[in-house]
Amino acid sequence: MSDLNLEAKLKQMLKQEKIQLWNPPFSEDSSEPGHQHMKVEEVGGALEVIRQQAVNRGKGNKTFRETNVASLELLLPRDARKDDKTKSHLETRLDVLVQEVVDRIGEEYGLKYIKLILNGKTLSVDQSLDQQGVKNHSKVMVLKVSDAEWKLHLSEEEEKKKNQKESLQRTQKGFQILSERDGSEDSSPFLEIADQRGNPLKIPPQEKKALILAMGFHEKGRSLMKKKQFDNALCHLLQADQQFSRCGSALLESVDNFAVLQLDVVWCYRALEALSCLDDGRSRLQRAEDCFLRCYGERQQRLLMIKGNTGREEVLFLRLHLLQSLLSYIEGNDAQARHQLSKVEALYSRLSLDSKKMDQLMSLGFTEREARLGLRACEGDLQEAALHISNQRQEREELKQRERKRRSRRSEVISTLTELGFSRRDAARALHHADGDVDKAYGILLDSSGSAQATNNNTEGCVEQLLYLGFQRDVSEAALRLTGGDVQSATQLLLDNQGVLSPELMAESPSSEEPSTSSSTSSSNSTEDSELVNEVLEDISRHEEDYLDLTLEEESELITTMKTYLSRGHTHTV
């Protein structure tokens, strides 16, 4: 990381002095170092790296102009790199399919299953590079889908790749099922999107589906992050990002989920040592900061008004400023890195907890999570934290009680409607569409019954027309059944068959599927849906503030690393 920092500083100075290392006297026509090439202790190696990069870039530009062959910089996984200082490049035309590039990289670097990431988006293997925004000198991240070194047999590697693909598909399908449920079925689990006080939000159906999918992929990604499976987690987080893009801007401005996702993506970049994706990382952190500002308000006054404190959310700002400090350092901006790190250290000092106070709260019967979040919310005050946690428990219990009463009243209303002759399923759906208003629900059911009666009356009218033409009732009904209720088609069918239909046609139904087959398939699909739903629900935390419950152990390690690197910067000037 210090090499990247030094290179960035030197590039800035060279630009300011308008020094072109790819031209004489610094570089010969043969691309070798010139006779006046700088050989300064400590920075000489970095200057040579920059000179080589400039020469290669110039050659790449000329080659691309003449042959349309582009040069891509590959950000390889750590165990696939030859060394940390040498950058890997791949020359290719941009009109080739991504699959061809994947195969070449896999063969050259011994990577069995990989994905290519450009600016945070996974490149589709069945599309060309240029169709997906890849340009000459683009930086492409190579992400391992499965690690061959961890597997003894090819079949096991294929199984891992298959499992990851299935994981994405099952996660998507499970949350799609949940996104299509509206709560009208008493026995079926469904998801309800609520505000920070637990009140349900009214969201247009399409946006609600996209938001549930986005939050579902995000929860799965966070679950994998906890297991340190950052490569797999990143795949799910990027899927979440795609789903969030389908939500309206007004919706994204009102929830902090989108901001937290941006932090998690960049945190995965850090864990995978892919922070060379500076442009994407920087833009994601800016989006996160802007989103926090809109959701929480200036100086977090909106958050303070809603929750009464801001201590728990400060962990998000700690991680935000820490990642900003890291990126500033890699860009060679030590002053900005130190400024951001000073914010981080101030937050870390406030958020670090007294272990004795944690033990005391836990001895009172509170969980570790409750103790940690409570102390942070109350700025370390033990008595205030105990009272705060107790109040939160009471609020949750009151919310549950209100929900139980709501469900009980709903069940009573549904029973009343079923006593009037409507099916329980229809009554539940009508009540849901009427927002719980029993009179409106009754009106919906009456309208529905009227429409069904009108359909039946229309069918009987069609039969009467065929009877008037002299056809028998049974063949008339069968002909209408076979022609979808079209009188003219039914008449022609009967005329063609001289008013007589074969036993096979008389027995035939528009749906050729046997009832037993249909029932079996329906039962099978229902079981599969239940399994998928239960599977994805396991990844959803039962605590609404799970994303704020950070131990700060990883952050502490990165803070120490950053302080070490920045302290070296004080010992010399470039």
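One structure accompanies this document, and this report is about it.

What counts as what
- Residues numbered from 1 in each chain as written.
- Predicted model: local features only at pLDDT ≥ 70, side-chain atom pairs only at ≥ 80, totals over all residues.
- Heavy atoms only, no water.
- Helix = DSSP H or I, 4+ residues; strand = E, 2+ residues; numbered from the N terminus.
- Buried < 20%, exposed > 50% of the residue type's maximum accessible area, 1.4 Å probe, protein only.
- Contact = heavy atoms within 4.5 Å.
- Areas by Shrake-Rupley, 256 points an atom, 1.4 Å probe, with all protein chains shown as cover.
- 1 Å grid on protein atoms, 1.4 Å probe; cavity = no way out; pocket = protein on both sides within 12 Å on 5 of 7 lines; lining within 4 Å.
- Points joined across faces, edges and corners; volume = space filled by probe spheres on them.
- Nonpolar A, V, L, I, M, F, W, Y, C, P; charged D, E, K, R; others polar.
- Core = buried A, V, L, I, M, F, W, Y, C linked by side-chain atoms within 4.5 Å.
- Phe/Tyr/Trp six-rings, centres within 6.5 Å; stacked < 30°, edge-to-face > 60°.
- Salt bridge = Lys/Arg side-chain N within 4 Å of Asp/Glu carboxyl O.
- Axes fitted to C-alpha atoms, helices over the stretch in contact; angles between N-to-C directions.
- Parallel < 35°, antiparallel > 145°, perpendicular 65-115°, else oblique.
- Left-handed = near helix turned anticlockwise from the far one by under 90°.

Side note on the overall build of the protein
For step 1, the next point in the chain: In terms of helices and strands, the protein carries 22 helices and 5 strands.
For step 2, the next point in the chain: Across the 574 residues that make up the protein, the buried fraction comes to 42%.
For step 3, the next point in the chain: Taking the contacts inside the protein whose residues are at least 6 apart along the sequence as the reference set, 64% of them involve residues at least 24 apart.
For step 4, the next point in the chain: Only carbon and sulfur atoms are counted for the fraction: they give 47% of the accessible area of the protein, which is about 32200 Å².

Observations regarding empty space enclosed by the protein
For step 1, the next point in the chain: Going through the model one piece at a time under the given rule, you end up with 2 cavities of 30 Å³ or more.
For step 2, the next point in the chain: Arg-222, Val-260, Leu-263, Asp-264, Leu-316, Arg-319, Tyr-547 and Leu-550 are the residues that line the largest cavity.
For step 3, the next point in the chain: If you list the elements that add at least two residues to the lining of the largest cavity, you get helix H8 (257-271) and helix H11 (314-330).
For step 4, the next point in the chain: Residue contributions to the lining of the largest cavity peak at 3 residues, all from H8.
For step 5, the next point in the chain: Along the lines of polarity and charge, the residues of the lining of the largest cavity split into 5 nonpolar, no polar and 3 charged.
For step 6, the next point in the chain: Here the second largest cavity is characterised by a volume of approximately 40 Å³.
For step 7, the next point in the chain: Residue lining of the second largest cavity: Glu-370, Leu-373, Gly-374, His-388, Ile-389, Gln-392, Arg-396, His-543 and Glu-545, and that is the complete set.
For step 8, the next point in the chain: Contributing elements (two or more residues each) for the lining of the second largest cavity: helix H14 (368-377) and helix H15 (382-419).

What about the nonpolar core?
For step 1, the next point in the chain: Residues Phe-292 and Leu-316 are the most contacted members of the largest nonpolar core, which totals 65 residues.
For step 2, the next point in the chain: Among the secondary structure elements, those contributing two or more residues to this core are strand S5 (139-146), helix H5 (205-226), helix H6 (230-244), H8, helix H9 (278-296), H11, helix H12 (334-351) and helix H22 (553-569).
For step 3, the next point in the chain: In terms of residues, this core owes the most to one element, H11, which gives 11 residues.
For step 4, the next point in the chain: Grouped together as the second largest cluster of nonpolar side chains are 22 residues, Ala-70, Leu-74, Leu-76 and Ala-80 included.

Here we look at the packing of aromatic side chains
For step 1, the next point in the chain: Counted by the stated rule, this structure contains 5 aromatic pairs.
For step 2, the next point in the chain: Centroid distance Phe-292 to Phe-317: 5.2 Å. Interplanar angle 45°. Geometry classified as tilted. Linking Phe-292 in helix H9 with Phe-317 in helix H11, this pair joins segments that are 25 residues apart in sequence. Exposure class is identical for Phe-292 and Phe-317. Each is buried.
For step 3, the next point in the chain: Taking 6.1 Å as the distance between ring centres and 55° as the angle between the ring planes, the aromatic pair formed by Tyr-296 and Phe-317 counts as tilted. Of this pair, Tyr-296 sits in helix H9 while Phe-317 sits in helix H11, placing them 21 residues apart in sequence. Both residues of the pair, Tyr-296 and Phe-317, count as buried.

Here we look at the pattern of salt bridges
For step 1, the next point in the chain: If you walk through the whole model with that rule in mind, you get 21 salt bridges.
For step 2, the next point in the chain: Salt-bridge contacts for Arg-284 lead to Asp-241; the nearest nitrogen and oxygen are separated by 3.3 Å. Of the two residues, Arg-284 sits in helix H9 while Asp-241 sits in helix H6, which places them 43 residues apart along the sequence. Across the pair, Asp-241 and Arg-284 agree in class, each one buried.

Some remarks on the packing of helix H13 (residues 355-363) against H14
For step 1, the next point in the chain: Relative orientation of the contacting elements H13 and H14 amounts to 125°, with a least axis distance of 9 Å. In terms of orientation, H13 lies oblique with respect to H14. You can see that H13 and H14 cross each other, and the crossing is right-handed. Residues Lys-357, Met-358, Leu-361 and Met-362 of H13 form the contact with H14, whose participating residues are Glu-368, Ala-371, Arg-372 and Leu-375.

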